[in-house]
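# Analysis of the macromolecular model
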Amino acid sequence: MRVPLLDLKAQLAPLREEILEAVTEVVDSTCYIMGPHIERFEEHVAAYCGTRFALGVSSGTDALLIALTALGIGPGDLVITTPFTFFATMGSILRLGARPLFADIDPVTYNLDPARMEELLARPDLSGRVKAVLPVHLYGQCADMGRIGALAERYRLPVIEDAAQAIGAAHPRPGAGGAMWRRAGSMGLAGCFSFFPSKNLGGIGDGGMVVTDDERLIQKLRILRVHGSEPKYYHKLVGGNFRLDALQAAVLDRKLSHLPAWHKARRRNAEFYDRLFADSGLVAAGKIVLPAAVYRDEATREKIEPDYHIYNQYVIRAADRDRLRAFLTRHGIGTEIYYPVPLHRQECVAGLGYEGLSLPRAEKAAAETLALPIYPELTDAMQHEVVDRIVAFYREASS
Ligand SMILES: *Cc1c(COP(=O)(O)O)cnc(C)c1O
């Protein structure tokens, strides 16, 4: 049985009519740039995330770029972030002439470790240059926003959340008061989302969103989205064309109503894998380490079902990872490595002073992790197939 890493056709089949309806609506409206489809989708995303404002933009990458631009990040500035993430997190910092200041990751969640962040902030040679913190909610689980937020507050630094993989992911009570759980993107000054087709909420092309509660920031972002002009042809700032396409907004707005069910299905699949792998003996034998859902117990205790992890990816650590991956590929099982090279080791930053930098946890994660198929439409039989093949690999390897 073939098991692809992701099967967008399986998602499309039951939605095809609905999506074509949305496309037809935009085509017939001739409102292709900005307009009511964008505004409606922005309102719905803000409500879903629990923020006052949302701004549709051209991609997740541009969401990060426009947010950092609005903060005035530029040459000479440092932005604390994680070395274990998609390139765009670092790319947005570098494109503004600033430099990423890497805090190594927590080995359990793979997210930025607040203890490492604290060490960096305590360094007198750096602290004056640090202008922002950019944590990533990797694989669909929020970074430790309680501790990250408290540190950022102590050092008066804005936090921009790279929530590209985590729309809707919940975090228990960061800080005092307010709602019991907060959603990704609503805990920092701003949150950035991507609607790349492989994200939990994916468009039929590129798209992104910035959410915030801050009125001044949203005004600035709105202007930056259209070349810094307000009114038209009077340019207050140097912005760019960062607009979300009306077609994408209309399609995404339809898909948004399905998102809670998709999150639930991914979580169910993750729990099923957890059980199958535990029964397989591979965990006890030390061959694999399962992904940890660190906020799950709290949810269980409170007898509620928030999206404590949205499993954009289900990532295991595996002994002999590369040979396991080759074996699975040969047997028709799709996997991926997110990400094989930590950012401080990328060729494009050679010569920027990261050569001597050692971030052992990120380097180890890059060498050991493997993402397995986890999409909502995955069947029990397919999950059995994935687990059975992994069991077979280690049995063969040890015989
Ligand atoms: C997908 C992703 C992005 C970029 O989003 P695009 O829409 O592809 O530009 C940024 N950061 C992270 C962590 C991502 O996973």
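A brief look at the structure comes next. What you see is a predicted model; the values in this text were computed from it and never measured. (Residues numbered from 1 in each chain as written. Predicted model: local features only at pLDDT ≥ 70, side-chain atom pairs only at ≥ 80, totals over all residues. Heavy atoms only, no water.)

## What about the sheet that holds strand E8 (residues 190–194)?
Across the sheet, four strands lie side by side as E1-E9-E8-E5; this open sheet has mixed pairing. Strands at the two margins of the open sheet, each flanked by one partner only, are strand E1 (53–57) and strand E5 (160–162). Averaged over neighbouring strand pairs, the angle between their axes works out to 20° when direction is ignored. The sheet contact formed by E8 and strand E9 (residues 208–212) spans five bridges and is antiparallel. Residue pairing in the sheet places Gly191 in a bridge with Val211 of E9. (Pairing = 2+ DSSP bridges. Helix = DSSP H or I, 4+ residues; strand = E, 2+ residues; numbered from the N terminus. Axes fitted to C-alpha atoms, helices over the stretch in contact; angles between N-to-C directions.)

## Points about the site of the ligand
In the vicinity of the ligand there are 15 residues, among which Gly60, Thr61, Gln165, Ser194 and Lys199 approach most closely. Here an oxygen atom of the ligand sits 2.5 Å away from a polar atom, N or O, in the side chain of Thr61. Listing elements by their share of the shell around the ligand, those giving two or more residues are helix H4 (60–70) and helix H5 (87–95). Taken together, the residues of the shell around the ligand break down into five nonpolar, eight polar and two charged. (Near = heavy atom within 4 Å. Polar contact = N/O pair within 3.5 Å; in protein donor to acceptor, adjacent residues only side chain to side chain. Nonpolar A, V, L, I, M, F, W, Y, C, P; charged D, E, K, R; others polar.)

## Quick word on the pattern of salt bridges
Enumeration over the complete set of coordinates arrives at 22 salt bridges. Linking Glu42 and Arg225 is a salt bridge whose minimum nitrogen-to-oxygen distance equals 2.9 Å. You can see Glu42 sitting in helix H3 (residues 36–49) and its partner Arg225 sitting in helix H9 (residues 215–225), a full 183 residues away along the chain. Just as Glu42 is buried, Arg225 falls in that class too. (Salt bridge = Lys/Arg side-chain N within 4 Å of Asp/Glu carboxyl O. Buried < 20%, exposed > 50% of the residue type's maximum accessible area, 1.4 Å probe, protein only.)

## Topic: the nonpolar core
Of all hydrophobic cores here, the largest spans 88 residues; its most connected members are Phe41 and Ile80. Ranked by residues supplied to this core, first place goes to helix H15 (residues 380–398) with eight residues. Among all residues touching Ile80, those that are not within four sequence positions of it are Leu101, Ala103, Leu112, Met117, Leu120, Leu121, Val130, Ala132, Val133 and Leu134. Membership of the second largest hydrophobic core comes to 27 residues, among which are Val57, Leu65, Leu134 and Ala190. (Core = buried A, V, L, I, M, F, W, Y, C linked by side-chain atoms within 4.5 Å. Contact = heavy atoms within 4.5 Å.)

## Some thoughts on the packing of aromatic side chains
This model, assessed by the stated rule, comprises eleven aromatic pairs. With 6.2 Å between their ring centres and 40° between their planes, Phe86 and Tyr339 make a pair best called tilted. With Phe86 in the loop between strand E2 (78–81) and H5 and Tyr339 in the loop between helix H13 (321–330) and helix H14 (360–368), the pair connects residues that are 253 residues apart, well separated along the chain. Note on Phe86: relative accessible area 44%, which makes it partly exposed. Taking the relative accessible area as the measure of exposure, Tyr339 reaches 13% and is therefore buried. Pairing Tyr273 with Phe277 gives two aromatic rings, centres 5.7 Å apart and planes at 25°, and the pair type is stacked. Here Tyr273 pairs with Phe277, and both are found in helix H11 (residues 259–280), just four residues apart, close to one helical turn. Exposure class is identical for Tyr273 and Phe277. Each is buried. Each residue in the set Tyr273, Phe277, Tyr311 and Tyr314 is aromatic and connected to the rest through ring pairs, giving one cluster. The aromatic ring of Tyr308 is capped on one face by Arg267, whose charged end is 5.5 Å from the ring centroid. (Phe/Tyr/Trp six-rings, centres within 6.5 Å; stacked < 30°, edge-to-face > 60°. Lys NZ or Arg CZ within 6 Å of the ring centre and 35° of its normal.)

## Regarding the pairing of E9
Summarising burial for E9: five of the five residues are buried, a large majority. Side chains Gly208, Val210 and Thr212 project from E9 onto one buried face, and the interleaved Met209 and Val211 project onto a second face that is buried too. Strand direction decides the pairing type here: E1 and E9, joined by five bridges, are antiparallel. Across the sheet, Phe53 pairs through a bridge with Thr212, a residue of E9.

## Some details on the environment of Arg321
Turning to its location among the elements, Arg321 is positioned in helix H13. A relative accessible area of 7% means that Arg321 is categorised as buried. Separated by 251 residues in the primary sequence, Arg321 and Ala70 place their C-alpha atoms 41 Å from one another. Residues in contact with Arg321, not counting those within four places in the same chain, are Ile337, Ala366, Ala367, Glu368, Thr369 and Leu370.

## Focus on the packing of helix H6 (residues 114–122) against helix H8 (residues 145–154)
At their nearest, the axes of H6 and H8 sit 9 Å apart, and the two run at 15° to each other. In terms of axis orientation, H6 runs roughly parallel to H8. Between H6 and H8 lies a crossing of right-handed hand. Counted together, Pro114, Ala115, Met117, Glu118 and Leu121 of H6 and Arg147, Ile148, Leu151, Ala152 and Arg154 of H8 form the full contact between these two elements. (Parallel < 35°, antiparallel > 145°, perpendicular 65-115°, else oblique. Left-handed = near helix turned anticlockwise from the far one by under 90°.)

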